[in-house]
Every structure is written in structure tokens, then in C-alpha cells.
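One letter stands for each residue in the lines below.
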Amino acid sequence: MELVLELKDADDWIYRGEGAANLVLAYSGSSPTFVGKVLRIQKAPRIESPINGYDSEDSHSALTNDECLLWRETEDLVSAPTREIAEQLYVQHVISPLLGYEHVDAGNRVFLSKEFLKTVEKNILSQRPSQRVDAAMVNAQCDFALLMSDHSVFPYGNLQGNFCISVEIKPKCGFLPVSRFISEENDIKRSITRFEMHQSIKLHQREISEISEYNPLDLFSGSKDRMHKAIKALFVTPQNNFRVFLNGSLILGGLGGGADSTSCMIGEAFENVLNGVIQADGGQRTSNFLHLVTEAISRSGLLDRLLEVQKLDNIDIEGAIHAYYNLVCQPCIACRDLGGEKLSARYAYLHSMSSDESLKIVRDYLIAATAKDLSLMISFRTREDRDVESPYNGVFLDSTNQRFEYKESFIDLDMKPLKKMELYYERDQQIVNCYSQM
Ligand SMILES: O=P(O)(O)O[C@@H]1[C@@H](OP(=O)(O)O)[C@H](OP(=O)(O)O)[C@H](O)[C@H](OP(=O)(O)O)[C@H]1OP(=O)(O)O
Ligand SMILES: Nc1ncnc2c1ncn2[C@@H]1O[C@H](COP(=O)(O)OP(=O)(O)OP(=O)(O)O)[C@@H](O)[C@H]1O
Ligand SMILES: [Zn+2]
């Protein structure tokens, strides 16, 4: 049976957060169908741009012809009647096998009445960050949303008296590119992470107020000490890379966007909120909690799996862009901009590839792009010794003598539009140039 949300349901849905493309609402009512779920609603930018994949004329059509070619091996995806359905199938058939079905929820479609959408948008307006409000609104043309597990709680509610504390990490790209197609001018990319370089342009454009202390290479290093260093850095400079929720309420980081660095006051407030969650004296709870997160992440090995998917980008955008122009059968803008016979010769190899090879490069690049932009949510609750049948992994925190169990899920697994390849190429150059100048 199709689920439909109508005006009468609107007040049960409260603001949980948002990114650039979607608004996420949590359920506060009592219907068993929705308890423990979130609703992910598409947004529409106030200024449309086809290059971002946003084009109202296009938004209800399915994939473009070139995208059908790209994803032709995933048959269902190509025959999907709308782009939204294709995107859901992408998560199911392309991403889940790579990241693990048990860590991915592709969601179920729920229909929304216009009145529901309008009322919800009005109800949550005051909680949305102003820059997100200025950039986009609810997509009124879209009459459905995705109903997904709320990863900041455990399914079927918490055991009595128990809590759920969850951490959301957007790790970004965890490796340095080694592609031979990176030009000499951009050699810096081989030694400085994209994340670090991106900070310069973000600072310059006042998107952030301070440079992050976080280094993705530490998080993905496999060394527990370095992972811990990364988690501590994320805590200090959460930006849009780190959030903590207690029973679904945000207790650290920015709701719907980035957050300023963690001041002493915020740090103290966080330490106080952890009272009753982490059994330690004041002053030690945060530190123990960050150890707990490190322990869980390093045990699970999920970041190794994620890194493998990110590394499907193995020739860098400076290589993949040429394959893109092969695929769309257009003159290569990258070769045009690079100019000079010597440079063109370097890329001639890419332009002489078979169409299957070009397709594979671009497909892998776009899958990697999803993996570089997703977030990982890890939720913890205490485990009693008697909970032996629990389906979740356990972790023991020596310093507090507490046993926890945790589950890990990936969110934000959107398919990136093929057209975005051009933007990726431009952005890559901008990031390197800005970093080099500063
Ligand atoms: O390119 P990046 O690294 O800036 O990533 C974009 C993200 O910026 P970030 O650097 O994480 O602050 C950006 O995040 P914010 O809006 O900055 O929170 C989006 O996730 C964007 O994806 P999409 O356009 O919503 O599909 C992301 O775009 P994609 O590159 O993943 O397509
Ligand atoms: N299944 C979920 N369970 C709990 N919280 C969620 C879930 N999905 C999303 N959220 C919350 O909502 C926020 C926005 O969701 P999401 O990242 O999917 O938006 P987006 O617009 O696609 O992001 P981006 O800007 O990266 O494209 C997340 O940062 C997270 O805090
Ligand atoms: Zn080229």
C-alpha cells in the first residue's frame, strides 16, 4: 500500500538537518509506521543551474541519454521512469554492494501532499540556517520523499532507561592522488589533501571562520593513534564534518550546515551533556567519549572499505575529464585549456581509448564522488552483560568500565549527475590555484 503524508501529519515531523540537496525531518508522533524513521525531502535551489544537476525542466525526467549509457549495466536504473527512482536504485544496486547492504538504507518512497510540504516548510523555517534558506527551498514539484531509518536511534526504540549517542562524520577524500595525468603545475595535489587545500578557498569565501585541524589521511590511516588524532581534530573544528546527537537531538556541531570551532564554553556544555552517558568525572567524559568513537571505528574496518570505493577514482579528475568528453562526444575543453602539442600528447592516450574504457573511468569516478561526499553515522548505547543475543558489535571502554554496542550506517549516497564532471574539473583547478596563491 502506498504511504501518503497529508496536512494532518505535518506537525509530527520536526527538523533534523539538511545538506545542500535535501532536508531531513525526524518523526515525533506515535504511528508505528514512522517511529524510528526520518523523511528525506528534496530541495530546489532558488537559482537553478543545470551544471549542478538542478534543472526544473529536467527534474522529473529520468536519466539523460549519456547517463543511460553510463549506467547501462545496471538495467533497472536505466529503465527507471524518473530520476528519483533511478537514484534510489543507484543506492540499492551500485552503492550497497560496495559499502555493505547492512550499512545502507536506500529508503522507501512516501507520497506527500502539497499541503503537507507547505506546512512542514513553514514549521521548520526558523530552525534552518539562513544561508541554507537563501540557497534553496523545498522542491514543491516533488510529490514524494524517502522514508529511511533514523540512524541516530536504535530500531524499536531504546531499552528502558538507555540512551543512544550517535556521531556523524563526513570524512571526505582519504587518499592522495598518484595519477600520471596530474599536470606539473598541480603537483601539490600529490602531497596535500584536497580537504586541506579546500579549506583555503572556504576561508577566503568566508564559508568557514578557521582552518580545520582535521586531516582525512589520519582518519583513514588504519593506525589507532592517528585515527584518534583525527577524531579529536573533528571535535575541535567540526565544520560540516562532525556532529553528535543524543537521542536524536544535536549536542555538538551545526544543524543543517557547518559549525564554528568548539570554544571552551561549547566544550564545557558538551562535557556536561555527557553526564550519565559516559561514567567518568567531569573533565574526562569528552576525552573518553572520543576514545570510544576511535575504538569503534578502528575495530569495524568500515573506513578501509570506504577508502577502496573512493579509490575507484584512480586517474584523478585531470584524467577522467578527458574520458568524460569522449563519452559525451564533445571537444575536450580540458585539452583546449591546456593547449600545446606536448600536453595534448600526454592526453592523446585517453582520447584514443575505447568507449567502454571511457565509460568505466567516468562511472568509477562518479561512484568515487559519492563515496567522497557521504557521511558515516555511528550510534552507541550501553550493553548489559545479559544482552548476549544483540545483533550489534560490542566495544568495551576500559577507562570507564562501560560496555557499549554500536551500529554503523552510511548516509547521503546520492548519485552525482554526469554533467557535474565539468564542475569537478573547474573546482579542482580553483582549489589548487587558491591554495597555491595563499
Ligand atoms: O566538492 P565538494 O568536496 O565541495 O563537496 C560538496 C560538499 O561540500 P563540502 O566540501 O563537503 O563542504 C557539499 O556540502 P555542503 O553543502 O558544503 O555542506 C555537498 O555535499 C555537495 O554535494 P551535492 O551538490 O549536494 O550533491 C558536494 O559536492 P560533490 O563534490 O560531492 O558533488
Ligand atoms: N537516515 C538518517 N538518520 C539520521 N539522520 C540523518 C539521516 N539522513 C540524514 N540525516 C541528517 O540530516 C542531515 C542532512 O542529510 P543529507 O546529508 O542526506 O543531506 P544532503 O543535502 O544530501 O547533504 P549534502 O550537502 O552532503 O549533499 C545529515 O547531515 C544528518 O545529520
Ligand atoms: Zn582532453
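Residues numbered from 1 in each chain as written. Chains lettered and ligands numbered in written order. Predicted model: local features only at pLDDT ≥ 70, side-chain atom pairs only at ≥ 80, totals over all residues.

Student: Please clarify how the overall build of the chain should be interpreted in this entry.
Tutor: Along the chain, the regular secondary structure elements total 16 helices and 13 strands. Relative to its length of 438 residues, the chain is compact, with a C-alpha radius of gyration of 22 Å against a globular reference of 22 Å. For the chain, the spread of C-alpha atoms along the three principal axes comes to 70 × 50 × 40 Å. For the chain, restricting intrachain contacts to residue pairs at least 6 apart in sequence, the fraction spanning at least 24 positions comes to 66%. (Helix = DSSP H or I, 4+ residues; strand = E, 2+ residues; numbered from the N terminus. Rg over C-alpha atoms; globule rule 2.2 N^0.38 Å. Contact = placed C-beta atoms within 7 Å.)

Student: Would you mind showing me how to read the site of ligand 2 here?
Tutor: Not every one of the 22 residues close to ligand 2 is listed here, only the nearest: G17, G19, A20, V24 and D412. Elements supplying a minimum of two residues to the shell around ligand 2: strand 2 (13–18), strand 3 (22–27), strand 4 (37–45) and strand 7 (144–149). Looking at the shell around ligand 2, the element that brings in the most residues is strand 2, giving 3 residues. Here the residues of the shell around ligand 2 are counted per class, giving 6 nonpolar, 7 polar and 9 charged. (Near = placed C-beta within 6 Å. Nonpolar A, V, L, I, M, F, W, Y, C, P; charged D, E, K, R; others polar.)

Student: Hey, could you run me through the site of ligand 1 in this one?
Tutor: Near ligand 1 the following residues occur: G19, A20, A21, H198, N240, A369, D373, D414, K416, K420 and R427. Counting residues per element, the ones that place at least two in the shell around ligand 1 are helix 15 (355–373) and helix 16 (420–437). Split into classes, the residues belonging to the shell around ligand 1 amount to 3 nonpolar, 3 polar and 5 charged.

Student: How should the nonpolar core be read in this particular structure?
Tutor: Where a protein is soluble and globular, its nonpolar side chains tend to be buried together. Among the nonpolar cores identified, the biggest contains 78 residues, and A320, V362 and I378 are the most heavily contacted of them. Every residue in contact with A320, bar those within four places of it in the chain, is listed here: I315, I361, V362, Y365 and M421. W13, A26, Y27 and F116 belong to the second largest nonpolar core, which has 22 residues in total. (Core = buried A, V, L, I, M, F, W, Y, C linked by C-beta atoms within 7 Å. Buried ≥ 20, exposed ≤ 12 C-beta atoms within 10 Å, placed from the backbone.)

Student: I keep staring at the sheet that holds strand 10 (residues 249–252) and nothing clicks. Help me out?
Tutor: Adjacent strands of a sheet pair through backbone hydrogen bonds, lying either parallel or antiparallel. One open sheet holds the 6 strands; their spatial order is 10-9-8-11-13-12, and the pairing between them is antiparallel. Either end of the sheet is taken by a strand with one partner, and the two such strands are strand 10 and strand 12 (393–397). Pairs of neighbouring strands in the sheet enclose a mean axial angle of 30°, with direction left out of account. Judged from the 8 bridges that link them, strand 11 (residues 375–382) and strand 13 (residues 402–411) form a sheet pairing that is antiparallel. Paired with S379 across the two strands is K407, which belongs to strand 13. Helix-sheet contacts for helix 10 (residues 285–300) involve strand 8 (165–169), strand 11, strand 12 and strand 13, and the interaxial angle to strand 12 is about 140°. (Pairing = 2+ DSSP bridges. Axes fitted to C-alpha atoms, helices over the stretch in contact; angles between N-to-C directions.)

Student: What is the right way to read the confidence of the model for the chain from this model?
Tutor: The predicted coordinates ought not to be read in detail in places where the model reports low pLDDT. For the chain, per-residue confidence averages 91 on the pLDDT scale, and 93% of positions sit at 70 or higher. For residues 51–60, every residue scores under 50 in pLDDT, and the model assigns this stretch 21 contacts once sequence neighbours within four places are set aside. Across the assembled chains, the prediction reports ipTM 0.97 with pTM 0.94. (pLDDT = per-residue confidence, 0-100.)

Student: Would you explain the packing of helix 6 (residues 194–204) against helix 16 in this entry?
Tutor: Two packed helices can be described by the angle between their axes and the distance between those axes. Where helix 6 contacts helix 16, the axes come no closer than 8 Å and their chain directions differ by 75°. Classified by the angle between their axes, helix 6 and helix 16 sit roughly perpendicular to one another. Contacts from R194, M197, H198, S200, I201 and H204 in helix 6 reach Q430, I431, V432, C434 and Y435 in helix 16. When its residues are assigned to classes, the contact of helix 6 with helix 16 shows 6 nonpolar, 4 polar and 1 charged. (Parallel < 35°, antiparallel > 145°, perpendicular 65-115°, else oblique.)

Student: Explanation requested: helix 12 (residues 316–328) in the structure shown.
Tutor: Since the α-helix advances by 3.6 residues per turn, residues separated by three or four positions end up pointing in the same direction. Its 13 residues place the ends of helix 12 18 Å apart at the C-alpha level, agreeing with the 18 Å of an ideal helix rising 1.5 Å per residue. When you tally the buried positions in helix 12, you get 11 out of 13 residues, the bulk of the element. One or two steps after helix 12, the chain reaches C329, where phi turns positive at roughly 55°. (Expected span 1.5 Å × (residues − 1).)

Student: Explain the pairing of strand 12 here, please?
Tutor: As defined by bridge partners, strand 12 adjoins strand 13 across 5 bridges and the pair is classed as antiparallel. Each residue of the ladder has a partner; that of L397, found in strand 13, is Q402. Taking the residues that link successive antiparallel strands as the turn, the strand 12-strand 13 hairpin has 4 residues, and the phi of N401 there is positive, at about 60°.

Student: How should I be thinking about the environment of A21 in this particular structure?
Tutor: Relative to the helices and strands, A21 resides in the loop between strand 2 and strand 3. For the pair A21 and K311, spaced 290 residues apart in the sequence, the C-alpha separation amounts to 24 Å. What A21 contacts, discounting residues up to four positions off in sequence, is Q42, K43 and D414.

Student: Could you clarify how one ought to interpret the pairing of strand 9 (residues 242–246) in this entry?
Tutor: Two faces belong to every sheet, and in a regular strand the side chains alternate between them. With 4 of 5 residues buried, strand 9 lies mostly within the body of the structure. Both strand 8 and strand 9 contribute to a ladder of 5 bridges, which runs antiparallel. Across the sheet, the residue bridging to I169 is F242, located in strand 9. In terms of strand pairing, strand 9 meets strand 10 through 3 bridges, oriented antiparallel. Paired with V244 across the two strands is L252, which belongs to strand 10. Taking the residues between adjacent antiparallel strands as the criterion, strand 9 and strand 10 are bridged by 2 residues, where N247 takes a positive phi near 45°.

Student: When you look at unusual backbone geometry in this model, what are you seeing that I'm missing?
Tutor: Most peptide bonds take the trans form, and the phi angle of most residues other than glycine is negative. At Q239, a position not held by glycine, the phi torsion is positive, near 40°. Even without a glycine there, the phi angle at N247 is positive, about 45°. With respect to the element layout, N247 can be found in the loop between strand 9 and strand 10. Taking the C-beta count within 10 Å as the criterion, N247 has 14 such neighbours and is therefore assigned partly exposed.

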